[in-house]
Amino acid sequence: MKRSNLQNHAIEIRPMLYPDDLPAIRRIWREVGWVDESEEKHVDDFFSVGKTLLATLGGGPECSVHTVHGQLSLQETPLPLCAVTAVTTSRIGRGHAFAKRLTALQLQQAHADGARVAALGMFDQGFYDQLGFGSGGYDHQIKFDPGTLKVDHRVPTPRRISKEDYTAVHQAMCNRQKVNGSVVLFDEILIKCELNWTQDGFGLGYGEGDTLTHFIWLSGKGEHGPYTVTTMAYQNSDQLLELLGLLKSLADQVYTVKMIQPAHIQLQDLLERPFRTRSTTAGGTHANEQFSFAWWQLRILDVVECVSVFQAMQPAEFQLEITDPVEVFLDGSDGWQGAAGSYVVALGDRSHAAPGHNSDLPVLSCSINAFTRLLWGVAKATSLAVTDDFKAPSTLLDALDRAVVLPTPHTGWDF
């Protein structure tokens, strides 16, 4: 608990008291436009799990940062994750760096609790860069006519999935097929909240008994759509094709479906004449479109642990000099101060990093933001040298391009 003063207002940073602080949290969420009165009851569930840190002005909470535990995969290895799931500041709490300070303190606590990487969904690029986060890979959002899907799988009659099935939905998400960057959040209440916050939400899927193996959760709109697939899980390619066939089966009524492209395929390959359809529908309600965007960010909390699970395509050794902007917001408080430092790194079948210096090695100087993006395969070293704080001799950049060859990371979980 920390206290100070600002413009004659007493400031306190403290953990949330549940349920006492819920009225103030609901007010903040209404002020930022995240919920209305009909939706705010689900805020109570959301804050019943995880950890929430508050900044108060004159005793009243005006900023909150909520985090939960989970896993984020680096290649095939799940690493302990701190997911920053909600950062909200009231109308009178702006301009005091509360959000950055609280988020930094949450990362510090998460590291003490065992998290080795952190991730969040960003409202725009730039703000969380100040805390050491770098942007994740592009997701491709595609809006298409489900009737044009070239999927011939026989589609069994699906089961209906309701909001009350959130436990089965959460288990299916945890058991889904994983890729580089896949996220799992441990608290099923978060799925319950997401299902409840989906406008006109409904689900269709398959399984046996109480077990759900693969499903889609959609937001409906009118008679003909567009429908939006907000959540999707499957354990293998056959199940993915079955879900796409299920979408196709809706085409007699639904004209367009919008979804994030599954990580395992290029969806355009499964659409009939995609360029013709895009041209003939352009400008209309049911226009077929494609967009790409990076909506999430991640950062390493522990360089040694993250490097230790990485498997390189080719070996590379270098002296790593890392800066970490998060330390500015920790003010020398007890505990983790960020990941800045000097490391001797060897990438290979069994990679390792250790604090120290080796003057015989080429030097990579970079921010933790950029190094995280490199290690997860978001961008090549030669690309990061153009766009990020990332400097190394050209020979080392080329060596890193050959060493770090990964599929683009995808979370598969909106948070």
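Residues numbered from 1 in each chain as written. Predicted model: local features only at pLDDT ≥ 70, side-chain atom pairs only at ≥ 80, totals over all residues. Heavy atoms only, no water.

A.B. asks: Would you explain the overall build of the protein chain in this entry?
C.D. replies: For the protein chain, the helix and strand inventory stands at eleven helices and 21 strands. Compactness check: the protein chain gives a C-alpha radius of gyration of 23 Å against a globular reference of 22 Å for 415 residues, within 12% of the reference. Expressed along its principal axes, the backbone C-alpha trace of the protein chain runs to roughly 65 × 55 × 45 Å. Each of the 415 residues in the protein chain was classed as buried or not, and the buried ones make up 53%. Across the protein chain, contacts joining residues at least 24 apart in sequence account for 71% of those joining residues at least 6 apart. In the structure as shown, the protein chain presents an accessible area of about 18,700 Å², 47% of it carried by carbon and sulfur atoms. (Helix = DSSP H or I, 4+ residues; strand = E, 2+ residues; numbered from the N terminus. Rg over C-alpha atoms; globule rule 2.2 N^0.38 Å. Buried < 20%, exposed > 50% of the residue type's maximum accessible area, 1.4 Å probe, protein only. Contact = heavy atoms within 4.5 Å. Areas by Shrake-Rupley, 256 points an atom, 1.4 Å probe, with all protein chains shown as cover.)

A.B. asks: Honestly, the sheet that holds strand β17 (residues 316–323) in this entry has me stumped. Any pointers?
C.D. replies: Picture the strands of a sheet paired through backbone hydrogen bonds; they go either parallel or antiparallel. Across the sheet, five strands lie side by side as β19-β18-β17-β20-β21; this open sheet has mixed pairing. The open sheet has two edge strands with one neighbour each: β19 (352–355) and β21 (390–391). By the bridge criterion, five bridges tie β17 to strand β20 (residues 363–367) in an arrangement that is parallel. Bridging across to β20, Ile322 finds its partner in Cys366. Those strands touched by helix α9 (residues 368–375) are β17, β20 and β21, and its axis lies near 110° from that of β20. Helix α11 (residues 394–403) rests against β17, β18 (341–347), β20 and β21 of the sheet, and its axis sits at about 105° to β17. (Pairing = 2+ DSSP bridges. Axes fitted to C-alpha atoms, helices over the stretch in contact; angles between N-to-C directions.)

A.B. asks: What exactly am I supposed to notice about the nonpolar core here?
C.D. replies: Taken as a class, soluble globular proteins show a tendency for nonpolar side chains to be buried jointly. Counting residues in each nonpolar core, the largest one holds 78 residues, and the members touching the most others are Val303, Leu320, Phe371, Trp376, Phe390 and Leu400. Ignoring any residue separated from it by four or fewer positions in sequence, one finds Phe390 in contact with Leu364, Ser365, Cys366, Ala370, Leu374, Ala381, Leu384, Ala385, Leu397 and Leu400. If you look at the next biggest cluster of nonpolar residues, it comprises 30 residues, including Leu53, Val87, Ala104 and Leu107. (Core = buried A, V, L, I, M, F, W, Y, C linked by side-chain atoms within 4.5 Å.)

A.B. asks: Where do I start with α11 in this structure?
C.D. replies: Residues spaced three or four apart along an α-helix face the same direction, because each turn holds 3.6 residues. Those residues of α11 not exposed but buried are Leu396, Leu397, Ala399, Leu400, Asp401 and Ala403. At its buried positions, α11 is contacted by β17, β18, β20, α9, α10 (381–387) and β21.

A.B. asks: Sorry, what's going on with the packing of helix α4 (residues 166–174) against helix α5 (residues 188–197) here?
C.D. replies: To describe two helices that pack against each other, one gives the angle between their axes and the distance between the axes. Orientation of α4 relative to α5, taken along the N-to-C sense of each, is 115°, at an axis distance of 9 Å. Classified by the angle their axes make, α4 and α5 are roughly perpendicular. Considering how the two elements wind past one another, α4 and α5 form a crossing that is right-handed. Contacts between α4 and α5 involve Tyr166, Thr167, Val169, His170 and Met173 from the former and Glu188, Ile189, Ile191, Lys192 and Leu195 from the latter. (Parallel < 35°, antiparallel > 145°, perpendicular 65-115°, else oblique. Left-handed = near helix turned anticlockwise from the far one by under 90°.)

A.B. asks: When you look at the sheet that holds strand β12 (residues 211–219) in this model, what are you seeing that I'm missing?
C.D. replies: Taken together, the seven strands give an open sheet; going across it, the order is β9-β11-β12-β13-β14-β8-β15, and neighbouring strands pair in mixed fashion. Two strands in the sheet have a free side with no partner beyond their single neighbour: β9 (159–161) and β15 (289–293). The average angle at which neighbouring strand axes cross in this sheet is 25°, direction not considered. As paired strands, strand β8 (residues 139–144) and β15 are joined by five bridges and run antiparallel to one another. Looking across to β15, one finds that Gln141 is bridged to Phe291.

A.B. asks: What should I look at first to understand the packing of aromatic side chains in this one?
C.D. replies: How two aromatic rings sit relative to each other is given by the distance of their centres and the angle of their planes. In total, this model carries twelve aromatic pairs according to the counting rule given. Each ring, one from Trp29 and one from Phe47, has its centre 5.6 Å from the other, and the planes form 70°; the classification is edge-to-face. A residue pair is termed long-range when its members are at least 10 positions apart, and Trp29 in helix α1 (residues 22–31) and Phe47 in the loop between α2 (41–46) and β3 (51–57) qualify at 18 residues. Residues Tyr128 and Phe133 carry aromatic rings whose centres are separated by 6.3 Å and whose planes lie at 80° to one another, so their mutual orientation is edge-to-face. Side by side, Tyr128 and Phe133 carry an identical accessibility label, which is buried. Here the aromatic cluster, defined as three or more aromatic residues joined through ring pairs, consists of Trp29, Trp34, Phe46, Phe47 and Trp197. (Phe/Tyr/Trp six-rings, centres within 6.5 Å; stacked < 30°, edge-to-face > 60°.)

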